[in-house]
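Take a look at the letters that make up each chain.
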Amino acid sequence: FDRRKRKLMGIDLGERRIGLAVNHGASMLVLPAGHLERVKLKYDVDRVLEMAQERQVEGFVVGLPYTLSGEVGVQAKRAQGFVRALRKRTNLPVYTVDESFTTFEAEGILRAAGRQPSRQRGAVDSAAAVLILQRFLDEMRQ
């Protein structure tokens, strides 16, 4: 079963929002899929699964925010908790990828497009999810 041809959902976990992105199977095109406001873990996982079902995804790629020294900090531990909860609730594969600097890159992309990241946090989260999924797909291709 080829992971590269799967339709996957990229997930950027923030403290306040969850950014989402979806690729379109073999085309490798990754598009933003909006964001969710965080409520509490169980509810957040339910809503991610609902959105995944609507978009008929076949797996998830969650960004893990390692520290600059590559260690698992507070944010990464929180993300791992989300990953565990997601894995318990679905039979679909859940992959993780280092998400270092994706939010920073996403802000740069939005600025280059003439948008203001500080006013469009949801757009930043969704763009970061695109970068997370793109990074995973690029790693698969190597």
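Up top is the structure.
Since the structure is predicted, the reported quantities are computational estimates derived from the model, not experimental observations. (Residues numbered from 1 in each chain as written. Predicted model: local features only at pLDDT ≥ 70, side-chain atom pairs only at ≥ 80, totals over all residues. Heavy atoms only, no water.)

Q: How should I be thinking about the sheet that holds strand β3 (residues 30-37) in this particular structure?
A: Across a sheet, strands are paired by hydrogen bonds formed along the backbone, either parallel or antiparallel in direction. Strand order in this open sheet of five strands is β3-β2-β1-β4-β5, and the pairing throughout is mixed. Every other strand in the sheet has two partners, leaving β3 and β5 (94-98) as the edge strands with one partner each. If you compare each strand with its neighbour and ignore which way they point, the axes differ by 25 degrees on average. Relative to strand β4 (residues 60-64), strand β1 (residues 9-13) runs parallel, the two sharing three bridges. Within the sheet, the bridge partner assigned to methionine 9 lies in β4 and is phenylalanine 60. Here helix α1 (residues 41-54) sits on the sheet and contacts β1, β2 (17-23), β3 and β4; the angle it forms with β3, its principal contact strand, is near 150 degrees. Its contacts with the sheet place helix α2 (residues 74-89) against β1, β2, β4 and β5, and it is angled at close to 160 degrees to β4. (Pairing = 2+ DSSP bridges. Helix = DSSP H or I, 4+ residues; strand = E, 2+ residues; numbered from the N terminus. Axes fitted to C-alpha atoms, helices over the stretch in contact; angles between N-to-C directions. Contact = heavy atoms within 4.5 Å.)

Q: Any chance you could explain the pairing of β2 here in plain terms?
A: It is a general feature of regular strands that their side chains alternate between the two faces of the sheet. Taking burial as the measure, the seven residues of β2 include seven buried ones, the bulk of the element. The two faces of β2 match: Arg17, Gly19, Ala21 and Asn23 on one face and Ile18, Leu20 and Val22 on the other face are all buried. Pairing between β1 and β2: five bridges, direction antiparallel. Across the sheet, aspartate 12 pairs through a bridge with glycine 19, a residue of β2. Counting the residues between successive antiparallel strands, the hairpin from β1 to β2 contains three residues. Pairing between β2 and β3: six bridges, direction antiparallel. (Buried < 20%, exposed > 50% of the residue type's maximum accessible area, 1.4 Å probe, protein only.)

Q: Is there a simple way to explain α2 in this structure?
A: Working note: α-helix, 3.6 residues per turn, so residues spaced by three or four point in the same direction. Look at α2: 23 Å from first C-alpha to last across 16 residues, which is about the 22 Å you get at 1.5 Å a residue. The set of residues buried in α2 consists of Ala76, Ala79, Gly81, Phe82, Val83, Ala85 and Leu86. In this structure, the buried side of α2 is in contact with β1, β2, α1, β4 and β5. (Expected span 1.5 Å × (residues − 1).)

Q: Please clarify how the environment of proline 32 should be interpreted in this entry.
A: With respect to the helices, strands and loops of the structure, proline 32 is situated in strand β3. Proline 32 sits 94 residues away from serine 126 along the chain, and the two C-alpha atoms are 5.3 Å apart. If sequence neighbours within four positions are ignored, proline 32 has contacts with Leu20, Ala21, Ser126 and Val130.

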